[in-house]
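What follows is the residue order along each chain.
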Amino acid sequence: MKNSLTFTAIFSIICLFGSAANSNEADSAALYASFNSRDSMLNSLDYKTGLIPVGDNLATITVPQGFAFLNAKDAEFILSDLWGNPKSNDILGILVPRNVSMLDADGWAIVYSYDPSGHVMDDDAGKTNYDDLLEEMKKQFVADNPERIKLGYKPIELIGWAKKPFYDKSSHKLHWAKEIKFDKDSANTLNYNIRMLGRKGVLVMNIVSGMGNIATVESNMDKVISS
């Protein structure tokens with residue numbers, strides 16, 4: 001029998017990332033020392049365009065005009081080394097806009113990951129109470145913070161939905177966006193998730209940005225989804 005998940009269970013697949021707006025400038029400065037300049041550091045990454053396979057035949061990305069794809073290794077460099085996020089073995093790569101630096105406050109990216117937990121049953125998609133779900137997720141964030149702090153990362157608070165979840169049953173895509181506060185940072189972070197339900201698991205696109213950049217993210221949403 002194939003493994004399967006209930007629709008509500010996929011909300012427990014937590015993919016959280018801080019953005020460039022919340023990176024630690026002191027830590028980033030130490031990385032600059034191994035490069036001639038800030039630009040040379042970013043230019044050393046392997047930016048790809050065209051058709052890009054993701055994972056083990058999970059999907060193919062048609063890189064939109066104005067964007068480039070970075071593999072898992074380069075994605076980890078940006079997400080962990082530059083933006084200060086915990087390292088993850090689940091990252092497949094990221095899609096980045098080329099008109100903004102990944103170290104600027106308005107830098108943003110689309111992070112690809114995959115959860116192979118099994119097929120998701122969406123029969124109860126229309127019955128999910130997203131307000132109740134939000135309260136449960138807030139409690140989980142609080143419960144997880146001691147471990148984050150122990151590992152040397154900032155505690156986080158789930159402020160609320162930046163965009164309330166909705167499910168496109170025809171395309172099997174779940175959309176939701178969270179507003180997150182990292183410790184005492186003045187700028188909150190946007191994590192906009194698009195979760196594509198497959199036969200064997202869930203492919204996740206997590207758009208990571210500062211909340212002040214949400215208009216730019218939304219203006220590029222159709223382009224990103226169609227890729």
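(A) Molecular detail of the environment of Ser226. Checked against the element boundaries, Ser226 lands in helix H6 (residues 221-226). With a relative accessible area of 62%, Ser226 lands in the exposed category. Distance from Ser226 to Val63, taken between C-alpha atoms, is 9.7 Å for residues 163 residues apart in sequence.

(B) The sheet that holds strand E10 (residues 189-197), seen in detail. Taken in spatial order, the seven strands line up as E4-E5-E6-E11-E10-E9-E8 in an open sheet, and their pairing is antiparallel. A single partner strand is all that each edge strand has here, and the edge strands are strand E4 (67-71) and strand E8 (156-168). Averaged over neighbouring strand pairs, the angle between their axes works out to 20° when direction is ignored. The pairing of E10 with strand E11 (residues 202-210) spans nine bridges and is antiparallel. Residue Leu197 lies in a different strand from E11, and its bridge partner there is Val202. Packing of helix H3 (residues 72-82) onto the sheet brings it into contact with E4, strand E5 (91-97) and strand E6 (109-115), and relative to E5 it is tilted by some 70°. Seen against the sheet, helix H4 (residues 130-150) touches E8 and strand E9 (173-182) and runs at an angle of roughly 140° to E8.

(C) Seen up close, the packing of aromatic side chains. Tallied over the full model, the rule gives three aromatic pairs. Ring geometry for Phe69 versus Tyr112: centroids 6.0 Å apart, planes at 55°, classification tilted. You can see Phe69 sitting in strand E4 and its partner Tyr112 sitting in strand E6, a full 43 residues away along the chain. Take Phe69 and Tyr112: they sit in the same class, and that class is buried. Ring geometry for Trp161 versus Trp176: centroids 5.7 Å apart, planes at 45°, classification tilted. Here the residue Trp161 occupies a position in strand E8, and Trp176 occupies one in strand E9, the gap between them amounting to 15 residues. Just above the ring of Tyr47 sits the side chain of Arg98; from NZ or CZ to the centre is 3.9 Å. Geometry around Trp176 places Lys178 over its ring, the cationic atom sitting 4.4 Å from the centre.

How each quantity is defined
- Residues numbered from 1 in each chain as written.
- Predicted model: local features only at pLDDT ≥ 70, side-chain atom pairs only at ≥ 80, totals over all residues.
- Heavy atoms only, no water.
- Helix = DSSP H or I, 4+ residues; strand = E, 2+ residues; numbered from the N terminus.
- Buried < 20%, exposed > 50% of the residue type's maximum accessible area, 1.4 Å probe, protein only.
- Pairing = 2+ DSSP bridges.
- Axes fitted to C-alpha atoms, helices over the stretch in contact; angles between N-to-C directions.
- Contact = heavy atoms within 4.5 Å.
- Phe/Tyr/Trp six-rings, centres within 6.5 Å; stacked < 30°, edge-to-face > 60°.
- Lys NZ or Arg CZ within 6 Å of the ring centre and 35° of its normal.

In short, shape yes, function no, at least from these values alone.
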